[in-house]
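# Close look at the chain arrangement
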Amino acid sequence: QVLLVESGGGLVQAGDSLRLSCATSGLTFSSGHMGWFRQAPGKEREFVAAIRYSGHTYYKDSVKGRFTVSRDNTEKTLYLQMNSLKAEDTAIYHCAADPRGILSSIRDWNQYDYWGQGTQVTVSS
C-alpha cells in the first residue's frame, strides 16, 4: 500500500517560514519524480515545486527564490522549505508521486499516480 503523509503546515504571519515534509511508504522513492501542489478555497489545484529522481528541480514562478524543494532518498521523504511566506501562499499543500519516473510534464498534476491528504498552510498578513 502506497502512503504519502504530509506534515509541517500551520498558521504563520507574513514573512515567516515553514518546512513541509512528505513521508512516503510502499513505493520506490529514489527512482521517482515528486511534486508539491496546492489548492486554495475556490481555486484550481496549482503546481508549486517538483524534483526529479535526478535532483533537478522546478518551481512556480511566484515561489522561486522563496521555496526550496528537496528529497531524502534514504528516508523516502520529500521536503518543501518555504521562506518569506505571503498571504497568497495560503492553501492546502499536497505532495504527489510518480514512482516510475515517467511523467512527461512535471507541472501537470494529472500525471502523478499518488497523492497525500494535504497539510494546511495559512499565512496572515
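This text follows the structure it describes.
A short tour of the structure in this document, coming up. Just so it is clear, the model here is predicted, and its values are computed rather than measured.

### A closer look at the state of the cysteines
One pass over the structure, following the stated rule, counts 1 disulfide. Two residues share a disulfide in this structure: C22 and C95, whose sulfurs sit 2.0 Å from each other. In this structure the cystine formed by C22 and C95 twists about its S-S bond by roughly 55°; its chirality is therefore right-handed. One end of the pair, C22, is in strand β3 (residues 18-25); the other, C95, is in strand β9 (residues 91-98), with 73 residues separating them in the sequence. Like C22, the residue C95 is buried in the burial classification.

### Brief notes about the packing of aromatic side chains
Inspection of the entire model under this criterion finds 5 aromatic pairs. With a centroid separation of 5.7 Å and 75° between ring planes, the pair formed by F37 and F47 is classed as edge-to-face. Taken together, the residues span a long stretch of sequence, with F37 in strand β4 (residues 33-39) and F47 in strand β5 (residues 46-51) at a distance of 10 residues. Note on accessibility: F37 and F47 belong to one class, buried. Here F37 and Y112 contribute two aromatic rings whose centre-to-centre distance is 5.2 Å and whose plane-to-plane angle is 80°, an arrangement assigned as edge-to-face. Highlighted residues: F37 in strand β4 and Y112 in the loop between β9 and β10 (114-115), separated in sequence by 75 residues. Classification of F37 as buried rests on a relative accessible area of 0%.

### Here we look at the nonpolar core
With 27 residues, the main nonpolar core has W36, L78, L80, M82 and Y93 as its most contacted residues. If you list the elements that add at least two residues to this core, you get β3, β4, β5, β7 (67-72), β8 (77-82), β9 and β11 (119-124). Top contributing element to this core by residue count: β9, with 4 residues. By size, the runner-up hydrophobic cluster in this structure holds 8 residues, among which are F47, Y58, L103 and Y112.

Conventions adopted
Throughout this description, residue numbers start from 1 for each chain and increase along the sequence as written. Reporting in this predicted model follows two pLDDT cut-offs: at least 70 for local features of residues, and 80 or more for side-chain atom pairs to be given and counted; totals over whole chains, interfaces and linings ignore these cut-offs and use all residues. Where side-chain values are given, they derive from all heavy atoms of the structure, hydrogens and water being excluded. The criterion for a disulfide is a pair of cysteine sulfur atoms lying within 2.5 Å. Strands are runs of DSSP state E lasting at least 2 residues, helices are runs of H or I lasting at least 4, and numbering of each runs from the N terminus. Exposure is judged per residue with a 1.4 Å probe applied to protein chains only, and the accessible area is read against the type maximum: over 50% gives exposed, under 20% gives buried, and values in between give partly exposed. What counts as a ring pair is set by centres within 6.5 Å for rings of Phe, Tyr and Trp (its six-membered ring), and what kind of pair is set by the plane angle: stacked under 30 degrees, edge-to-face over 60, tilted for all other angles. What we call a nonpolar core is a set of buried Ala, Val, Leu, Ile, Met, Phe, Trp, Tyr and Cys residues that are connected through their side-chain atoms within 4.5 Å.

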